[in-house]
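These are the residues of each chain, in order.
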Amino acid sequence: MPAKERILIIGACGQIGVELTLALRKIYEPQHVIAADLRDEHPLLKDTGPYVTLDVMNREMLHVLVIRHHITQIYHLAAILSATAEKNPALAWHINMQSLIHVLEIAREERLHKVYWPSSIAVFGRGAPRQRTPQHTILEPTTAYGISKLAGERWCEYYHERYGIDVRSLRYPGLISYKSSPGGGTTDYAIEMFQAAVENRKYCCPLAPDTHLPMMYMPDAIRATIELMEAPAHRISLHSSYNIHAFQFSPAELAKALQHHAPGFEVCYQPDFRQQIAESWPESIDDSQARADWGWKPAFDLQTMTSDMLANLRAHQHQA
Ligand code: NAD
Ligand code: SER
């Protein structure tokens, strides 16, 4: 019953938040989809629905917002991503964990209908199989970000089991998009490589050429998120976080795909601290449980994503 739901999106100006907010405002009454972030409102959100400045670390402010707007669902997207987290691990732990506890506690007190919180492929570490990494396997993350995501998954399941909160979550792979800039992840290199290719610039990649990582195009990630959240409760067997997968590539393979469209595009390789992060993550993911439970299936592969990204980035370039 979309009309009865009132949704708060925390971190709405980020790479995922902008597109998710716009997608939810197409399904629900736009006035009932409240976008919130620390930053100024993203230009693409302007005049599409309500916007509130919020620091999710301020529990009281969050609580008042939830009560004042009669919020029934929260999408909590604010976090410190992997590469930024390695520069200040204690801060990343504090923000990623405390903000989630604030959201879960308010969900418990105000009896919210649903909470969405994203996890990541970063929950896996070197002990897990790197190909078709299973849903249930060794979880020994070696990054501050991965440790916070694994602990977050445990808290989500705890609040579901102990308090009956309908928390839902996806372990996103690296997300590729062109509408809103990425915010400090290890997989952001892929977006930077696209941007360099359309601007006819040489790109120096912070990962080695043969470093394979799981990736997904943003339209698939947004659809997965909404399909998961709209699925009937009996289809959801996991309240920690679901593996989802679309495709995998290495920097050298992405460079080749881009050179097919932009002959002469040059890439050099200067691996930095992000190489170690990437090497601790899977190369591909087994998402059979998401497929079986709620029917997940990606629409884009590397070729179709590449063509669509380039067409959109070039269209934006001509408009600018
Ligand atoms: P992002 O960094 O682009 O956006 C996060 C947003 O949160 C930013 O707009 C930021 O201003 C906001 N924010 C930060 N601190 C805040 C605070 N204290 N109060 C309110 N807002 C605050 O991140 P994203 O890529 O959109 O990721 C969203 C979520 O998805 C994160 O939990 C991230 O770990 C997860 N995720 C992302 C990817 C990816 O490839 N983008 C992959 C896996 C998981
Ligand atoms: N894309 C994210 C990152 O690189 C994975 O969670 O941090």
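Residues numbered from 1 in each chain as written. Chains lettered and ligands numbered in written order. Predicted model: local features only at pLDDT ≥ 70, side-chain atom pairs only at ≥ 80, totals over all residues. Heavy atoms only, no water.

Asks: Residue-level account of the environment of Pro118, with values.
Replies: Locating Pro118 in the fold gives a position in the loop between β5 (114-116) and β6 (119-120). Since its relative accessible area comes to 7%, Pro118 is described here as buried. Spatially, the C-alpha atoms of Pro118 and Tyr189 are 20 Å apart, while their sequence positions differ by 71 residues. Contact partners of Pro118, with chain neighbours within four places excluded, come to His76, Leu77, Lys149, Ser169, Leu170 and Tyr172. (Helix = DSSP H or I, 4+ residues; strand = E, 2+ residues; numbered from the N terminus. Buried < 20%, exposed > 50% of the residue type's maximum accessible area, 1.4 Å probe, protein only. Contact = heavy atoms within 4.5 Å.)

Asks: Residue-level account of the sheet that holds strand β1 (residues 7-10), with values.
Replies: Taking strand neighbours across the sheet as the criterion, the 6 strands line up as β3-β2-β1-β4-β5-β7 in an open arrangement whose pairing is parallel. Only two strands of the sheet have a single neighbouring strand rather than two, namely β3 (51-53) and β7 (167-168). In terms of strand pairing, strand β2 (residues 33-37) meets β3 through 3 bridges, oriented parallel. When the sheet's bridge partners are listed, Ala36 is paired in β3 with Val52. Of the strands in this sheet, β1, β2 and β4 (73-76) are in contact with helix α1 (residues 15-27), which crosses β2 at around 170°. Taken strand by strand, helix α2 (residues 59-68) contacts β1, β3 and β4, and its axis lies near 155° from that of β1. (Pairing = 2+ DSSP bridges. Axes fitted to C-alpha atoms, helices over the stretch in contact; angles between N-to-C directions.)

Asks: How would you summarise the sheet that holds strand β12 (residues 242-243) if you had to cite specific residues and measurements?
Replies: The strand order across the open sheet built from 3 strands is β6-β8-β12, with neighbouring strands paired in parallel fashion. A single partner strand is all that each edge strand has here, and the edge strands are β6 and β12. Taken together, the 2 bridges between β6 and strand β8 (residues 170-172) define a ladder with parallel strand orientation. Bridged to Ser119 within β8 is Arg171.

Asks: Residue-level account of the state of the cysteines, with values.
Replies: Counting across every chain of the model gives 1 disulfide. Across a sulfur-sulfur distance of 1.8 Å, Cys204 and Cys268 are joined as a disulfide pair. The disulfide joining Cys204 to Cys268 has a torsion of about -95° about its S-S bond and is therefore left-handed. Linking Cys204 in strand β10 (residues 203-205) with Cys268 in strand β14 (residues 267-269), this pair joins segments that are 64 residues apart in sequence. Classification of Cys204 by relative accessible area gives partly exposed; the value is 34%. (Disulfide = S-S within 2.5 Å.)

Asks: Got a sec to walk through the site of ligand 1? Specific residues and values, please.
Replies: If you check the shell around ligand 1, you find 27 residues, and the closest are Gln15, Asp37, Asp55, Tyr145 and Lys149. One of the backbone nitrogen or oxygen atoms of Gln15 is found 2.8 Å away from an oxygen atom of ligand 1. For ligand 1, a nitrogen atom lies 3.5 Å from a polar atom in the backbone of Leu38. Considered on its own, ligand 1 offers 830 Å² of accessible surface; in the complex 93% of this is hidden by protein. (Near = heavy atom within 4 Å. Polar contact = N/O pair within 3.5 Å; in protein donor to acceptor, adjacent residues only side chain to side chain. Areas by Shrake-Rupley, 256 points an atom, 1.4 Å probe, with all protein chains shown as cover.)

Asks: Give me the pattern of salt bridges: which residues, what numbers.
Replies: One pass over the full model with this rule turns up 13 salt bridges. A salt bridge links Arg223 to Glu227; the shortest N-O distance between them is 3.0 Å. Linking Arg223 with Glu227, this pair stays in helix α7 (residues 218-230), spanning 4 residues, or about one helical turn. In this structure Arg223 comes out as partly exposed when scored by relative accessible area, which is 27%. (Salt bridge = Lys/Arg side-chain N within 4 Å of Asp/Glu carboxyl O.)

Asks: Mind laying out the packing of α1 against α7, listing which residues take part and the relevant values?
Replies: Where α1 meets α7, the closest approach of the two axes is 10 Å, and the angle between their N-to-C directions is 55°. By the angle class used here, α1 and α7 are oblique. Of the two elements, α1 crosses α7, and the hand of that crossing is right-handed. Two secondary-structure elements touch here, α1 through Gln15, Ile16, Glu19, Leu20, Ala23, Leu24 and Ile27 and α7 through Met218, Ile222, Thr225 and Ile226. Here the residues of the contact of α1 with α7 are counted per class, giving 8 nonpolar, 2 polar and 1 charged. (Parallel < 35°, antiparallel > 145°, perpendicular 65-115°, else oblique. Left-handed = near helix turned anticlockwise from the far one by under 90°. Nonpolar A, V, L, I, M, F, W, Y, C, P; charged D, E, K, R; others polar.)

Asks: Talk me through the nonpolar core; I want residue IDs and the actual numbers.
Replies: Within the largest apolar cluster, 79 residues are counted, with the highest numbers of intra-cluster contacts made by Ile176, Tyr189, Met193, Phe249 and Trp294. Top contributing element to this core by residue count: helix α6 (residues 189-198), with 8 residues. Not counting residues within four places of it along the chain, the set of residues in contact with Met193 comprises Tyr203, Cys205, Pro251, Leu254, Ala255, Leu258, Phe265 and Val267. Within the second largest apolar cluster, 24 residues are counted, among which are Leu8, Val56, Ile71 and Trp117. (Core = buried A, V, L, I, M, F, W, Y, C linked by side-chain atoms within 4.5 Å.)

Asks: Quick rundown of the pairing of strand β11 (residues 213-217)? Include the residues and the values.
Replies: Here β11 lies mainly inside the structure; 5 of its 5 residues are buried. Both β11 and strand β13 (residues 247-249) contribute to a ladder of 3 bridges, which runs antiparallel. Among the inter-strand pairings, Leu213 is bridged to a residue of β13, identified as Phe249.

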